[in-house]
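Examining the three-dimensional arrangement
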Amino acid sequence: MLVLDPSVEARLVLCELLSRTGVATAGAESVGDALVKLKQSPVKVLVVDADAFDPAELAPIVEAAARRGAATVVAGTNRPAGEFGFVRKPYHYRELVHKIWTALEATENPGRAAA
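Cut-offs used in this document
- Residue positions are counted from 1 within each chain, in the order its sequence is given.
- Local features in this predicted model are restricted to residues whose pLDDT is 70 or higher, and side-chain atom pairs enter the listing and the counts only when it is 80 or higher, whereas totals over whole chains, interfaces and linings include all residues.
- Water and hydrogen atoms were dropped before computing side-chain values, which therefore reflect all heavy atoms in the structure.
- Helix and strand labels come from DSSP, where a helix needs a run of H or I of at least four residues and a strand needs a run of E of at least two; each type is numbered from the N terminus.
- For a compact globule the rule gives 2.2 Å times the number of residues to the power 0.38, and the radius of gyration it is set against comes from C-alpha atoms.
- Partly exposed describes any residue whose relative accessible area lies between the buried limit of under 20% and the exposed limit of over 50%, with all areas from a 1.4 Å probe on protein chains only and scaled to the type maximum.
- Patch rule: a residue counts if its relative accessible area is over 30% and it has no salt bridge; like charges are joined within 9 Å, and nonpolar side chains (Val, Leu, Ile, Met, Phe, Trp, Tyr) within 5 Å.
- In these tables, accessible area is a Shrake-Rupley quantity obtained with a 1.4 Å probe, and a residue counts as shielded only by the protein chains included in the view.
- Salt bridges are counted wherever a side-chain nitrogen of Lys or Arg sits within 4 Å of a carboxyl oxygen of Asp or Glu.

1. Let's talk about the overall build of the protein
The secondary structure content of the protein amounts to four helices and five strands. Written out in order from the N terminus, the α and β elements of the protein read β-α-β-α-β-α-β-β-α. Taking 115 residues into account, the globule formula puts the C-alpha radius of gyration at 13 Å, and the protein, at 13 Å, falls close to it. Burial analysis of the protein (115 residues in total) assigns 42% to the buried set.

Printed below as a string of structure tokens:
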């Protein structure tokens, strides 16, 4: 799991919450940092704070994740174009974690559709 969010606090909270459920997590504060981490180790799900980045800036990391078979979960005020798990802000962590678990299941069982 790779969490892309420039907010240190948001990244740490989500990574800690997910790691308590047994999910290996890493955080990235920038698209460049996320691209490096994506190349260094396999990632099943990319979680992105879409409001913190310009859509054109996010395109390379979303495309790189998709090429590697990772699902993308986006949190934001507006749903971006594309096939993403989407959670509207302001969100509750329960809703976001549910969407992430759904994406994880979809990457582990490709025959099942994500919710």
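2. Description of a nonpolar patch on the surface
On the surface, Val13, Leu17 and Tyr93 cluster together to form a nonpolar patch covering roughly 210 Å² of accessible area. Looking at where leucine 17 falls in the secondary structure, it is placed in helix α1 (residues 8-19). Owing to a relative accessible area of 32%, leucine 17 belongs among the partly exposed residues under this scheme.

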